[in-house]
Amino acid sequence: MKSIRWGILGTGKIATHFANDFAYTKTGELKAIASRNKVTANQFAQRFNIELAFQDYFSLINSDQVDAIYIAVPHVYHYELTKACILAGKAVLCEKPFTLNQHQSTELYELAEQHQVFVMEAMWTRFNPMIEQVIDWVADGEIGLLSSIQASFNFVAPTDPTHRLNNKALGGGALLDIGIYPVFLAQLFWGLPDFVQSQAILNDDDIDMSVQTLLGWDHGGLAVLDTSLISKSSNRATLSGSEGYIEIDNHWHKAKSCRLVDKNDREHAVEFDFPGMGYQFEIDEVNRCLEEGLLQSPNFTWSNSLDLITTLDEIRADIGVEYPQEHISEPANIEEHHHEHHHHKH
Ligand SMILES: NC(=O)c1ccc[n+]([C@@H]2O[C@H](COP(=O)([O-])OP(=O)(O)OC[C@H]3O[C@@H](n4cnc5c(N)ncnc54)[C@H](OP(=O)(O)O)[C@@H]3O)[C@@H](O)[C@H]2O)c1
């Protein structure tokens, strides 16, 4: 089987981390980069020794030199670029959040099924060896019955109002950018919650700077989740059970260590030694899935991704945050209902 040829859309912060960690993957070749700007594309290509540099995203998407595409641009462009990749028959690894809302995600996963194209939301934490350890401890009953999850993800973002995190037009806000991780962790164990309640601090542009969320499950589980772009925190996660608990160290979403405190209050600390930041694991997962002819990863399925965006939609409804680009996709019969949609969104 020939090596899977990868292309990246975007040359920002995460594209750079991804290209760095590509060196640590087991298989696959980083073959192409696309930027909106020729100079930037060429610089990125030179820095990472990439053969092809495209000066627009669609030339890369339509290139027959590329098998898989990593989408590393602001959230608001994920929908249209993923759609274009699927239509061009390219496998997709798209940054989180996969789209702005559940409607858009559903439409894309249906399209992927129809065109038999592999798609995965780049929820890289799922593939960190630390998370595998945590899943095993819980499954093996090391902490008894898991009943409470606490997780935070905070950092202090630049205050420049044009920065993508503060800018509504670029899908700004804490929840979709980093608040997605605590929700991911809770749902990894319990799936969709039965109860969602949030409070938020919004900026002048009416997007969320801080959000506190309480999720509840009818079986008795509770999750207390905290995210912010204006305050620092420990960025730890704790999973509490009837016989013990697990702590994941700062920054838990990319941690290389975690700790089990067992029923005898004894501590078992585990450290993982891997190079880079850990993006290689999600890339290896995509390569493995493509080699096996899968359309979705069994470890982060389309349904896992839809459950994630469903809860994010509910939280946003609760705190009153909306994006103008949410209107670019509606269910397939958009033409007939066009007018209605524009009304009841306001
Ligand atoms: N998995 C993770 O750990 C992680 C971490 C950070 C971010 N992310 C996700 O990755 C995505 C990108 O985040 P980032 O931090 O890499 O952002 P960034 O540093 O601002 O880079 C975004 C890139 O997108 C391209 N782009 C296209 N249209 C743009 C526009 N109108 N304004 C600004 N940039 C535009 C630009 O590349 P060109 O100029 O080359 O076209 C830019 O360099 C987001 O969806 C975010 O949620 C994930």
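Residues numbered from 1 in each chain as written. Predicted model: local features only at pLDDT ≥ 70, side-chain atom pairs only at ≥ 80, totals over all residues. Heavy atoms only, no water.

## What to know about the environment of Glu271
Turning to step 1, where the next piece is worked out: Relative to the helices and strands, Glu271 is located in strand β14 (residues 267-271).
Turning to step 2, where the next piece is worked out: Sequence separation between Glu271 and Ala255 is 16 residues, and the spatial gap between their C-alpha atoms is 9.1 Å.
Turning to step 3, where the next piece is worked out: With residues near it in sequence (within four places) discarded, Glu271 still touches Lys256 and Ser257. (Helix = DSSP H or I, 4+ residues; strand = E, 2+ residues; numbered from the N terminus. Contact = heavy atoms within 4.5 Å.)

## Considering the sheet that holds strand β5 (residues 91-94)
Turning to step 1, where the next piece is worked out: The sheet built from six strands is open, its strands ordered β3-β2-β1-β4-β5-β6 with parallel pairing. In this open sheet, the two edge strands, each paired with only one partner strand, are β3 (52-54) and β6 (119-121). Sheet twist, expressed as the average angle between the axes of neighbouring strands with direction ignored, equals 20 degrees.
Turning to step 2, where the next piece is worked out: Across three bridges, β5 lies against β6 in parallel orientation. (Pairing = 2+ DSSP bridges. Axes fitted to C-alpha atoms, helices over the stretch in contact; angles between N-to-C directions.)

## Digging into the confidence of the model for the protein chain
Detail in the predicted coordinates should be disregarded across regions flagged by low pLDDT.
Turning to step 1, where the next piece is worked out: Mean pLDDT over the protein chain stands at 94; residues scoring 70 or higher make up 94%.
Turning to step 2, where the next piece is worked out: This stretch, residues 330-346, has a pLDDT under 50; its non-local contacts, to residues over four places away or in other chains, come to seven contacts. (pLDDT = per-residue confidence, 0-100.)

## Thoughts on the site of the ligand
Turning to step 1, where the next piece is worked out: In the vicinity of the ligand, 22 residues are found, and the nearest of them are Thr11, Ser35, Tyr57, Lys96 and Tyr279.
Turning to step 2, where the next piece is worked out: Tyr57 is positioned with one of its side-chain polar atoms (N or O) 2.5 Å from an oxygen atom of the ligand.
Turning to step 3, where the next piece is worked out: In the model, a nitrogen atom of the ligand is placed 2.9 Å from a nitrogen or oxygen of the Tyr77 side chain.
Turning to step 4, where the next piece is worked out: For the ligand, whose free accessible area comes to 880 Å², the fraction covered by protein is 84%.
Turning to step 5, where the next piece is worked out: Inspection of the shell around the ligand shows a minimum of three residues originating in each of domain 1 (5-123) and domain 2 (126-278 + 306-345). (Near = heavy atom within 4 Å. Polar contact = N/O pair within 3.5 Å; in protein donor to acceptor, adjacent residues only side chain to side chain. Areas by Shrake-Rupley, 256 points an atom, 1.4 Å probe, with all protein chains shown as cover. Domains from an automatic or database assignment.)

## Quick look at unusual backbone geometry
Turning to step 1, where the next piece is worked out: That bond from Lys96 to Pro97 is cis: its omega, -10 degrees, falls within 30 degrees of zero.
Turning to step 2, where the next piece is worked out: A cis amide bond links Asn250 to the next residue, His251, at an omega of -20 degrees.
Turning to step 3, where the next piece is worked out: Note that His251 resides in the loop between β12 (245-248) and β13 (257-261).
Turning to step 4, where the next piece is worked out: Even without glycine at this site, Asn49 takes up a positive phi of about 60 degrees.

## What about the pattern of salt bridges?
Turning to step 1, where the next piece is worked out: Taken as a whole, this structure holds 12 salt bridges when the rule is applied.
Turning to step 2, where the next piece is worked out: Of the charged contacts in the structure, one is a salt bridge between Glu107 and Lys83, with a shortest N-O distance of 3.1 Å. Here Lys83 lies in helix α4 (residues 78-87) and Glu107 lies in helix α5 (residues 102-115), a separation of 24 residues in the sequence.
Turning to step 3, where the next piece is worked out: Taken together, the salt bridges that share partners define one network made up of Glu247, Asp249, Arg259 and Glu267. (Salt bridge = Lys/Arg side-chain N within 4 Å of Asp/Glu carboxyl O.)

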